[in-house]
Amino acid sequence: DKAELEFKVAGLTAKVKEASVEAADEEINRRRVFSPIDGMVVEIDKQVGEWVNPGDRIMRIVRMDKVKIEGLLPINEVSPIQVKDRPVTVEATISRSRKVQLTGRIVFVAPELNPSGTKFRVVAEVDNRQEQGTWILLKDMSPTVTVDAGVAADTPKTKNR
């Protein structure tokens, strides 16, 4: 009888220890930080061991594999219907004499004109790539963007998500 009782106690003790391990795992998982995007950490606001609250910014991550480029297109030369979901070619100058082409697609066409009433805003998403460990398109670059039918966007700016 004593052996059976000890066996039951040992079984209950094992379950308590198992629950304790699961609780510890849950505590660890609650404190893990995950990014919703693949990217590169460009700023760190908090250090290891510092307390943070849910929603606090702890770092800034920039997505580099796909970048968004915004530009303005003249309404008198092309209509929003003509460019919606159209492919784009982006030409970026990466050295004095070297230009690289990348491809993408128009993902947004603004439903309104700019204040002068002559242009509308478009956003293209472009597949970026690395050369010698450095991304070709960088934030605030001004590459030349050509939309499918040869319409060039006016002073586009790259944006990282």
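Now for a look at the structure at hand. Quick caveat: nothing in here was measured; it's all calculated off a predicted structure.

What follows is about the side chain of Asn128. As for its placement among the helices and strands, Asn128 is situated in the loop between strand S6 (119-127) and strand S7 (130-131). Within the structure, Asn128 has its side chain in polar contact with the backbone oxygen of Met64 (distance 3.1 Å). When neighbours within four sequence positions are excluded, Asn128 is seen to be in contact with Met64, Asp65, Val67, Leu102, Trp135, Ile136 and Leu137.

A positive phi is found at Asp85, a non-glycine position, where the angle reads about 60°. Of note, Asp85 is situated in the loop between helix H2 (80-83) and strand S4 (87-95). Notably, Gln132 is not glycine yet its phi reads approximately 50°, a positive angle. Assignment of secondary structure puts Gln132 in the loop between S7 and strand S8 (134-135).

Moving on to the pattern of salt bridges. One pass over the full model with this rule turns up 13 salt bridges. Between Lys99 and Glu91 there is a salt bridge; the shortest N-O distance is 3.8 Å. Residue Arg98 is joined to Glu131 by a salt bridge in which the shortest nitrogen-to-oxygen separation is 2.7 Å. Taken as a pair, Arg98 in strand S5 (residues 98-113) and Glu131 in strand S7 lie far apart in primary sequence, 33 residues in all. You can call Glu131 partly exposed: its relative accessible area is 23%. One network of salt bridges, in which partners are shared, links Glu43, Asp45, Arg57 and Arg60.

Now for the environment of Arg30. Mapped onto the fold, Arg30 is located in helix H1 (residues 2-30). Accessibility expressed as a relative area gives 55% for Arg30, which makes it exposed. As a C-alpha pair, Arg30 and Asn76 span 46 residues in sequence and 54 Å in three-dimensional space. Of note is the side chain of Arg30, whose polar atom sits 3.2 Å from the side chain of Glu27.

Conventions used here
Residues numbered from 1 in each chain as written. Predicted model: local features only at pLDDT ≥ 70, side-chain atom pairs only at ≥ 80, totals over all residues. Heavy atoms only, no water. Helix = DSSP H or I, 4+ residues; strand = E, 2+ residues; numbered from the N terminus. Polar contact = N/O pair within 3.5 Å; in protein donor to acceptor, adjacent residues only side chain to side chain. Contact = heavy atoms within 4.5 Å. Salt bridge = Lys/Arg side-chain N within 4 Å of Asp/Glu carboxyl O. Buried < 20%, exposed > 50% of the residue type's maximum accessible area, 1.4 Å probe, protein only.

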